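# Chain and residue survey
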Amino acid sequence: QVQLVESGGGLVQAGGSLRLSCAASGITFSASALAWYRQAPGKQRELVAGISPFGNTNYADSVKGRFTISRDNAKNTVYLQMNNLKPQDTAVYYCNSKRSITGDNFWGQGTQVTVSS
């Protein structure tokens, strides 16, 4: 059974930091591309950051220089370090894993991040 379990969300003031974690089970973690998406009320889900099985990363322009994605294959966990948070970062953040060779595409349940001004 596949599980992606996010944690680390919460309420923070603008300029603060949070670190999200996503613990995975039931997948071939080291071979999976991992990503964080977010969805704000009334908006579409958008890609925040991604990391390939080889460690290559990509970021949305809106978070470059503030957010860092990383993975720990020994712990089957992907992280999102979020610094200098802004009110516009407020959203539900979702963890995603993909393996194109198998067509696998899994989502976590989401964790709420709220940034107050």
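For the structure itself, consult the block above.
Along every chain, residues carry numbers that run from 1 in the direction the sequence is written. Note on the predicted model: pLDDT of at least 70 is required for a residue's local features to be given, and 80 or more for side-chain atom pairs to be given and counted; whole-chain, interface and lining totals, by contrast, use all residues. With hydrogens and water set aside, each side-chain value is computed from the structure's full complement of heavy atoms.

### Here's the deal with the overall build of the chain
Counting from the N terminus, the helices are DSSP H or I runs at least four residues long and the strands are E runs at least two residues long. A count of helical and extended segments in the chain gives zero helices and 11 strands. Each helix and strand of the chain, placed in order from N terminus to C terminus, yields the pattern β-β-β-β-β-β-β-β-β-β-β. The reference for a compact globule is 2.2 Å times residues^0.38; the radius of gyration itself is calculated from the C-alpha atoms. On C-alpha atoms alone, the chain measures out to a radius of gyration of 14 Å, which is about the 13 Å that the 2.2 N^0.38 rule sets for 117 residues. Here the C-alpha coordinates of the chain stretch approximately 40 × 25 × 25 Å along the principal axes. To measure how exposed things are, a 1.4 Å probe is used in the Shrake-Rupley method; for residues, cover is taken only from the protein chains shown. Carbon and sulfur atoms provide 47% of the accessible area of the chain, an area that totals close to 6100 Å². Computing the positive centroid from 11 side-chain charges and the negative centroid from 6, the chain places the two 2 Å apart. Only four residue types enter the charge count: Lys and Arg as positive, Asp and Glu as negative, with His and the chain ends excluded. A charged residue contributes its charge at one atom only: NZ of Lys, CZ of Arg, CG of Asp or CD of Glu.

### Quick notes on the pairing of strand β3 (residues 18-25)
The criterion for strand pairing is that DSSP finds at least two bridges linking the strands in question. Of the strand pairs in this sheet, strand β1 (residues 3-7) and β3 are connected by five bridges, and their pairing is antiparallel. When the sheet's bridge partners are listed, Ser7 is paired in β3 with Ser21. As judged from the six bridges shared by β3 and strand β8 (residues 77-82), these two strands associate in the antiparallel manner. When the bridges of β8 are listed, Ser21 appears paired with Tyr79.

### Brief notes about the sheet that holds β1
Neighbouring strands of a sheet are bound in pairs by backbone hydrogen bonds; such pairs are parallel or else antiparallel. Taken together, four strands build an open sheet; the order of strands is β1-β3-β8-β7 and the sheet is antiparallel. Each edge of the sheet is formed by a strand with only one pairing partner; in this case those strands are β1 and β7 (67-72). Mean inter-strand twist for the sheet, computed between neighbouring axes without regard to direction, equals 15 degrees. Note on method: axes are straight lines fitted to C-alpha atoms, helices fitted across the in-contact stretch only, with angles between N-to-C directions ranging 0 to 180 degrees.

### Examining the nonpolar core
Put simply, buried Ala, Val, Leu, Ile, Met, Phe, Trp, Tyr and Cys residues joined by side-chain atoms within 4.5 Å make one nonpolar core. The buried label applies to any residue whose accessible area, calculated with a 1.4 Å probe on protein chains only, is under 20% of its type's maximum; exposed applies above 50%, and partly exposed to all values in between. Grouped together as the largest cluster of nonpolar side chains are 27 residues, with contacts concentrated most on Trp36, Val48, Phe67, Val78, Leu80, Met82 and Tyr93. Per-element tally for this core: the top contributor is β3, with four residues.

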